[in-house]
Amino acid sequence: FFWSIFFVIRYMCCCLWNSCGTLCFLCSPIPKNRYKTCSDKFIPILLYVIALVGVTVSASVAFLGNEEVSIGVSNAFLHADGLVDDLRSFLDRSRIPLTNINGIIGYAALDAKLIFDGTEYVTQDALNIASSFLGFYALHSKGLNESNALSGFESALTEFESKVHPISIDVQSMLDTLELDLYDQADTIEGGIDGAISQLDSFSNQTTDWQDTLYQYEGEEYGFRPTRRVIVMSIFLASFLLGVLGLVAILLSKSRSCSTLFSMLKLTGFFSVLLGSLALILASVLLVASFVLYDSCQMLNVVTKDFEPFVGDKVAPGANAVFNDTNLAVAFNVTDKINFQEELDEGLSQIENINITSSFELVFDPLRDIQGVISSMSDTALAILNQATSSNSISCPFDDVYTKETLLEPWELHRTDDFTPYIIRDGNVTSYDRIGSEDSGTYLSRIYDKAGCEALQAAIVEGHAAFMSLYGKEHRMTADLGVICPDATCPTNEFTTYSNLTLVAQLESYKTKISYTKDSLVALASTSVGEAMYEIEDFLCNMNVSFVERRYAEVKHDICGKSFLGIEKLMWSLWALGISLELIAILSHVLSVRLSGSRREKYEQDLEDQENGLTRADIY
């Protein structure tokens, strides 16, 4: 191409010699007489030397580029080998915990059964206690309101729902995990792990084949390097020697004894055309290769952002995980198959620091306060009654003071006499002993039936009735609440519809049982379940494959960075070599004529022929 351009310009200069001599003398091999200055020869020689220097510089750049290609390829093989080694280590690390899990998963399932077996109470008892709270309110809402104990009762219920019930939920969640995700799935987990171990072993063996193939290609590439270096540098060396030979011919052009050597200047121009064309062709090939390599590197950037369009939705999660710093087990949903470890860890973190005793005390405290209020429900009625029975006036000389216990059986009150000191309305004294099966109300009505004291007697009877009503509520509420048990009838028959235990007794029983279960769960670490959890955690930690992205980045930098830069240097050095050789070819042709030392007559004859239309370009 350059050579064709030269001939076109060359003949244009010859044709326009007469009219454009000033413009054409630099490239014309036949200078006009008035241009016999040193510039006729000096400028082409200077350009020739510059072109030769260009050949030398391009050779140096080509050598550096070739070495950079070698370094980049060597580093790429090194980092690829490191990737295979890291992958094999990853597979070996992953196999160890899987093997350990497979060996203990059966024992872990049995230990889990020992913990969750018989723990149906956790949810059921919590529901029963909540039902008993509602039942207590249904039975004793009037008494709670009359005793102003409703707020305390509501506080106890709120504390149970906010402090105790969440404990039961957390404990039941862990028990469900042990039963449903570990015990029931033990065979499935074991089978899945067997398959995973088999795949890991197969993959590990495959990495050995990959490494052998990698070593083979590396050896072939390493063996080809001297050949590549010789091929690349031989072009530049031949070009340099050819240029030097032409330069020697130029320097010895005035010596008659070196006429043969001077003829080498024409051969320099001829072979420079061939080598220059070859260099430009090779530069074009490398240009195409560099575009392909650059586009490939850019395509890799697109692919690694999301692999799904290129490899499908089955492989893409793992490939994306590699480049997104995502745990491989999470990407392939492996954790869903062995999620009991994560759920147990989360459950343990929630319950291991819970103080069950203090949580239940928050419920017991308001219940104890309620009992204090309930126990005083009949106190006012008793005090009013005692004012009447101990009035000790002249007309009504009553001098009896009762307690709650003695008022229930007033005939048991300690008195100094066996008969009343006054005559009742039937005209006789009456005995303080119980007559027949009379109840306490009838008894009080009899012993205080003194003439003239009818109003006081009626007040005593009404006060006793009020006391018995309040005391009955107090007794029933106390019996169902269970802070204290007034007799052996705790709870009342009505309350047994909800539970056979008092409210407090249910809470005490639940506290004891759930404390034991909680301690058993916290002690999981000392069982084979804890060992399985540890091995699973180790396995999940080993599923971090960030090393692949790091090794990929290193290999990509070696190919798309170092090697690509070397190819670019080789390409540009070949472009420079081709242009320099084409320039040497042109200058060799020009100088071969200008330095030939032809006589003036030959020039004049040629000019005369040109004027007569017989112009001839003496090229070689």
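For clarity, every value in this text was computed on a predicted model and none was experimentally measured.

### Remarks on the state of the cysteines
Inference 1: Under the definition given, this model contains three disulfides.
Inference 2: With its sulfur 1.8 Å from that of its partner, Cys-297 forms a disulfide with Cys-560. Across the disulfide from Cys-297 to Cys-560, rotation about the S-S bond amounts to roughly -90°, and the bridge is consequently left-handed. In this pair, Cys-297 is assigned in helix α8 (residues 264-303) and Cys-560 in helix α20 (residues 546-594), connecting sequence segments 263 residues apart.
Inference 3: A sulfur-sulfur separation of 1.9 Å characterises the disulfide bridge that pairs Cys-485 with Cys-490. On the sign convention where negative means left-handed, the S-S torsion of about 120° between Cys-485 and Cys-490 marks this disulfide as right-handed.
Inference 4: In the protein chain, numbering the disulfide-bonded cysteines from first to last in sequence yields the connectivity 1-6, 2-3, 4-5.

### Regarding the nonpolar core
Inference 1: Phe-133, Leu-178, Leu-367, Leu-507, Tyr-510 and Val-529 are the most contacted members of the largest nonpolar core, which has 66 residues in total.
Inference 2: Not counting residues up to four positions away in its chain, the partners in contact with Leu-507 are Ile-129, Phe-133, Phe-160, Phe-360, Val-363, Phe-364 and Leu-367.
Inference 3: Within the second largest apolar cluster, 31 residues are counted, among which are Ala-80, Leu-214, Leu-275 and Leu-581.

### Topic: the packing of helix α6 (residues 186-251) against α8
Inference 1: Their axes nearest at 9 Å, the elements α6 and α8 cross at an angle of 155°. By the angle between their directions, the pair α6 and α8 is classed as roughly antiparallel. For α6 against α8, the interelement crossing comes out left-handed. Within the contact between the two elements, α6 uses Ile-235, Ala-238, Ser-239, Leu-242, Leu-245, Gly-246, Ala-249 and Ile-250 and α8 uses Met-264, Leu-265, Thr-268, Phe-271, Ser-272, Leu-275 and Leu-282.
Inference 2: The class makeup of the residues in the contact of α6 with α8 is 11 nonpolar, four polar and no charged.

### A closer look at unusual backbone geometry
Inference 1: Positive phi is not limited to glycine here, since Asn-148 has a value of about 60°.
Inference 2: Structurally, Asn-148 is set in the loop between α4 (121-146) and α5 (150-183).
Inference 3: Taking relative accessible area as the criterion, Asn-148 reaches 65% and is therefore assigned exposed.
Inference 4: A positive phi angle, near 50°, is found at Asn-392, a position not held by glycine.
Inference 5: Take Asn-392: it is sitting in the loop between α14 (379-389) and α15 (404-408).
Inference 6: Looking at Asn-392, the relative accessible area reads 45%, which means it is partly exposed.

Definitions and cut-offs
Residues numbered from 1 in each chain as written. Predicted model: local features only at pLDDT ≥ 70, side-chain atom pairs only at ≥ 80, totals over all residues. Heavy atoms only, no water. Disulfide = S-S within 2.5 Å. Helix = DSSP H or I, 4+ residues; strand = E, 2+ residues; numbered from the N terminus. Core = buried A, V, L, I, M, F, W, Y, C linked by side-chain atoms within 4.5 Å. Buried < 20%, exposed > 50% of the residue type's maximum accessible area, 1.4 Å probe, protein only. Contact = heavy atoms within 4.5 Å. Axes fitted to C-alpha atoms, helices over the stretch in contact; angles between N-to-C directions. Parallel < 35°, antiparallel > 145°, perpendicular 65-115°, else oblique. Left-handed = near helix turned anticlockwise from the far one by under 90°. Nonpolar A, V, L, I, M, F, W, Y, C, P; charged D, E, K, R; others polar.

Without other data, these values stay purely geometric and don't point to any function.
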